[in-house]
Amino acid sequence: MAIQEKTEEGKTLCPSLITADGWDDYELLDSGGFEKLERFGKYVTARPEPQAIWQKSLSGKIWEEKADAYFRKDARNEERGIWERKPGMPEQWHVGYRYKRMRLKMRLGLTAFKHVGLFPEQAANWNYIYDTVEELTAAGTKAAVLNLFAYTGGATLAARAAGAEVTHVDSVKQVVTWSNENMQASGLDGVRWIVEDARKFVRREVKRGKRYNGIILDPPAYGRGAEGEKWILEKDIFALLSDCNTLLDEKGFVVLNLYSMGLSALLAKGILQQVFGTSRITFGELYFTDSFGKTLPLGVFARFKK
């Protein structure tokens, strides 16, 4: 007996699997053993990756030889660690990303939390944001875009490169400064920088009657606001999105990205559908395939445009 996929409104539920294949300055070399080996520009890093549950294709010795910087966990603090750097490996360097007329230049750095200031899989969302803002501009709309939990600003810069007026919100002053550096390195200007808890800022914008043509959210599983406000994704995301619905213009788009073990693309789709009252949602997973053909999931997304 054939197994039928469940459908919604007569359409097959089919998540999209999307990889950002336009990179020259990024490559996933190998993955496994809860780690990933990556090339950023001319430098190679090795760091933890909880979803790389399979075995490495290259030996541990080759990883050690290839990696210019290797992240080692701190046994006393699971959230932090140290980078072991080979001679000649800088603490900071730049990579570039190109799409159509967009030219981004991003500064990378070795942080104690294993991150380097860039999530390369997000380039798939950057392209979508760039294209959507271009469409709005071509239709005569001067797009205003709000980027929440904006980190070092890849999505901010994509929207700005396409001509949007962008408000960039993050609760950590250092990463907002980092984003500003990336904007200047990319030859862009004019971004509105806000260091504040995303929920507080959105509630204030609602009271002001502000409207945005695009809203981008990439919330963490857990976090702290600028004044110590606690953020728990499963508890707080619905109320935040409900306020975002009030802010969204009738000619608007939303991009929601989630990176939290156990949260699915269907969950992201479902919450957007309920809050914004639309079924025209593209949803799925972002991934990279390493040099040996192993496909590593790196987050789920849901997005729509009215």
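Scroll up to find the structure.
Described below are features of the structure shown in this document.

Quick notes on the rules
Residues numbered from 1 in each chain as written. Predicted model: local features only at pLDDT ≥ 70, side-chain atom pairs only at ≥ 80, totals over all residues. Heavy atoms only, no water. Pairing = 2+ DSSP bridges. Helix = DSSP H or I, 4+ residues; strand = E, 2+ residues; numbered from the N terminus. Axes fitted to C-alpha atoms, helices over the stretch in contact; angles between N-to-C directions. Contact = heavy atoms within 4.5 Å. Phe/Tyr/Trp six-rings, centres within 6.5 Å; stacked < 30°, edge-to-face > 60°. Buried < 20%, exposed > 50% of the residue type's maximum accessible area, 1.4 Å probe, protein only.

Our focus in this paragraph is the sheet that holds strand β19 (residues 295-305). Pairing in this open sheet of eight strands is mixed, and the strands run β3-β18-β19-β17-β14-β11-β12-β13 from one edge to the other. What marks the edges here is a single partner per strand, and that holds for β3 (16-19) and β13 (192-195). Along the sheet, successive strands turn relative to each other by an average axial angle of 20 degrees, direction set aside. Bridge analysis of β3 against strand β18 (residues 282-289) gives four bridges, and the strand direction is parallel. Paired with Thr19 across the bridge in β18 is Tyr287. Together, β17 (248-258), β18 and β19 form the strand contacts of helix α7 (residues 265-276), whose direction differs from that of β19 by roughly 15 degrees.

Moving on to the packing of aromatic side chains. We describe a pair of aromatic rings using the distance from one ring centre to the other and the angle between the two ring planes. Within the structure shown, the criterion is met by 12 aromatic pairs. A ring pair is formed by Tyr97 and Trp126, whose centres lie 5.5 Å apart and whose planes are at 80 degrees; its orientation type is edge-to-face. With Tyr97 in strand β9 (residues 92-99) and Trp126 in helix α2 (residues 123-138), the pair connects residues that are 29 residues apart, well separated along the chain. The residues Tyr97 and Trp126 share a single accessibility class, namely buried. Ring pairs connect the aromatic residues Trp23, Tyr26, Phe40, Tyr97, Trp126 and Phe288, which therefore count as one cluster.

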